[in-house]
Amino acid sequence: MGNSDDRAGKAELDVLLQTEQTFPPPPDFAASANAADPEIYARAAADPEAWWASWADQLAWITPYRQVLDWSEPPFARWFDGGTLNASVNCLDRHVGAGNGERVAYFWEGEDGSRRVITYGDLLDQTQRFANALRGLGIGKGDVVGIFMPMVPEAVVAMLACARIGAIHNVVFGGFSAGAVAERMEVSKAKALVTADATLRRGKPVAMKAEVDRTIAAANSIETIVVVDRCDTDPPMQPGRDHLWSELIAAADAFCEPEPMDSEDPLFILYTSGSTAKPKGIQHTTAGYLTGVTATHRLVFDLKADDVYWCAADIGWITGHSYIVYGPLANGAVSVLYEGAPNYPAEDRWWEIAARYGVTIFYTAPTAIRACMKWGVEQPRRHDLSTLRLLGSVGEPINPKAWLWYHAEIGGGRCPIVDTWWQTETGAIMIAPLPGLTTTKPGSATVPFPGVEAKILDSSGHEIGEGGGNLVLTKPWPAMARTLYGEPERFVSTYWERYGRDVYLVGDAARRDEDGYFWIVGRIDDVINVSGHRLSTMEIESAIVGHSGVAEAAVIGVPDELTGEAIFAFVTPVGGVVGDDDLSAAIERHVAAKIGKLARPKRIAFADDLPKTRSGKIIRRLLRDIAAGNELGDVTTLRDPDVVAQLQRQIAAPRSG
Ligand code: WTA
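This one's a predicted model, so the numbers in the text were calculated from it and none came from an experiment.

Turning to the side chain of Asn86, a few remarks are in order. As for its position among the elements, Asn86 is in the loop between β4 (84-85) and α5 (87-100). Judged by relative accessible area, Asn86 falls into the buried class, the value being 1%. Within the structure, the side chain of Asn86 is placed 3.2 Å from the backbone nitrogen of Val89, a separation counted as a polar contact. Here Arg164 takes part through its backbone oxygen, which lies 3.2 Å from a polar atom of the side chain of Asn86. In this view, Asn86 contacts Ile62, Ala163, Arg164, Pro258, Glu259 and Met261; residues no more than four positions away in its chain are not counted.

Here it is in structure tokens:
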């Protein structure tokens, strides 16, 4: 006992000492880095408009823009006004036109081991055909098209086809429930939905189309459903409304004239969780967004012509939009696209893929790195990962222990790590190292990207030079969200009121150290970050309360070793607490159906009431203390002090089920 305690203590001390360690760019990396001149920061700060324009000028324009930035009515920025362009042309036609039609866009690997190599030429061909099919179905500029798909190349094609004809795509993560899809279609008034018959989950097809059918009646704006046959499951098809992807493509013309889009025309909306139960439709525009993802992808990932780049996120999140689709394609990157789970059929699946394609740049989330740590070093060590030269992290703060493991075991001690802080709202990476310039510190996203200005403010709006407070962005940037779809007032009140209309309130608390490095601490709103996925406590609470056996519910995030945060629900059953296992299971099923499996509570505690003030307000701080097993102070001022003891007994008891 004593010995193992000592060992544990020593291991912890090692980690603490190591985290004081800093990692300067390896000299050979720095020597050939895309961003090699430290003056880049000062130049961009002195004239951010010129800096961003230098990136916009690398895009293919149909008509040139007249003005770089119009910030006369903050927070509604206009970037590159007067210009027209098309995102699909920037991602496809210009590469094919430059003679790179044979260049690989994606090495696609299915969960079941199937493989496809998709060139830029293939992608352009498929995109034009599907764009024509959409036009044939009456979809045009400004229409919203939902996409609810597994990670198959058709998902990328569907996005680019929308971009080609000026339709606004609204991708819903494939792990969400069909109920969540229906809600997002309804609030965005989507006209069409592209989905698949089923998605593979650990070898088994899980129905998508049939699930969509069960819920979509509510989203009655949907006039057309296109179905990709992924799993050969013969899904139900409603004549007149439903069409098979393969049939549409076969019948479609090969050439599709791209729609000239104004710089500020919307490219897509993507729903994300906020402080209320209602998801926010983050709206991005064409030129600014493309400028932001092009610049950040090229510099933060140091992308070179011979790189094989792999972002292991899902297309359904902003990371997939910006760093699987638009950034890499705009830069002509060769990417890996993988459909399945990292541990299927075995825990070395990722490393097997990385070795097969000779991946040089790999980008994932801390929660996945921690899962890999758990599976053991044997897994990556079984494969030759010597082609890797750069690693990335995104989605949540990376704990130094995971950072150091990633660096040593995956990066072989030689690859810089770019910890990239950004959001659905920011569109592109905002705080991250430039790997040839920035000395990294494990756990810190380091410094703002050139042209970006971040500050830490206290509650009265004073800047904190060194210390903690609210993270804000104080200069507009091209990839910034322009509004919340259909809710401009909510856009203003959520992000642009706390400190004024020209200061973007991020929603994260952060600390700045003596070197000016930023350390993200966590959310300041009611958002829980589970495995890098943003979930709203209110949305989960409203799903739980939707179950007929539940009178009231409160949800908090608690620290979790693997997923960063986990969902803890406090529930008052209708008719008082009785045996609770059945109700627990029923609540979990209910939440999975309403939102998706990822929103299921990890733990549920039941009580006859929730801890409230005499005026009836739930005291969430107390819930956190109860969940953590902390000593509680005086609880006699509560409306019903007994419920606290009732809850504490459950926390102390070993978990059932
Ligand atoms: C968190 C994901 C620390 C943060 C791109 C942010 C991070 C939210 C990091 C956005 C990081 C993302 N370090 N925290 N490198 N990256 N976050 O919209 O709380 O899904 O506000 O965008 O994730 O999540 P979203």
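Let us keep going from here.
Let us look at the state of the cysteines. Under the criterion given, the structure shown has 0 disulfides. The cysteine Cys91 is free of any disulfide, with Cys162 supplying the nearest cysteine sulfur at 13 Å. You can call Cys91 buried: its relative accessible area is 0%.

With respect to the element layout, Met373 can be found in helix α14 (residues 366-375). In this structure Met373 comes out as partly exposed when scored by relative accessible area, which is 23%. Residues Met373 and Lys401, spaced 28 residues apart in sequence, show a C-alpha to C-alpha distance of 9.8 Å. With sequence-adjacent residues up to four places away left out, Met373 is seen in contact with Lys401, Ala402 and Trp405.

This part covers the sheet that holds strand β12 (residues 224-228). Taking strand neighbours across the sheet as the criterion, the 8 strands line up as β13-β12-β9-β7-β8-β15-β16-β24 in an open arrangement whose pairing is mixed. Each of the sheet's edge strands pairs with one partner strand only, and the pair in question is β13 (242-244) and β24 (483-484). One ladder, built from 2 bridges, connects strand β8 (residues 168-171) with strand β15 (residues 266-272); its direction is parallel. Each residue of the ladder has a partner; that of Asn170, found in β15, is Ile269.

With that settled, consider the domain arrangement of the protein chain. Examined at the domain level, the protein chain breaks down into domain 1 (4-85 + 271-522), domain 2 (87-259) and domain 3 (526-652). Distance from the C-alpha centre of domain 1 to the C-alpha centre of domain 2: 27 Å. Taken together, the 39 residues of domain 1 in the interface contact 43 residues of domain 2. Here domain 1 and domain 2 share an interface that buries about 4,000 Å² over both sides, 58% of which is from carbon and sulfur atoms. Taken together, the links from domain 1 to domain 2 amount to 3 salt bridges.

Reading the values: rules and limits
- Residues numbered from 1 in each chain as written.
- Predicted model: local features only at pLDDT ≥ 70, side-chain atom pairs only at ≥ 80, totals over all residues.
- Heavy atoms only, no water.
- Helix = DSSP H or I, 4+ residues; strand = E, 2+ residues; numbered from the N terminus.
- Buried < 20%, exposed > 50% of the residue type's maximum accessible area, 1.4 Å probe, protein only.
- Polar contact = N/O pair within 3.5 Å; in protein donor to acceptor, adjacent residues only side chain to side chain.
- Contact = heavy atoms within 4.5 Å.
- Disulfide = S-S within 2.5 Å.
- Pairing = 2+ DSSP bridges.
- Domains from an automatic or database assignment.
- Buried area = accessible area lost by both parts, 1.4 Å probe.
- Salt bridge = Lys/Arg side-chain N within 4 Å of Asp/Glu carboxyl O.

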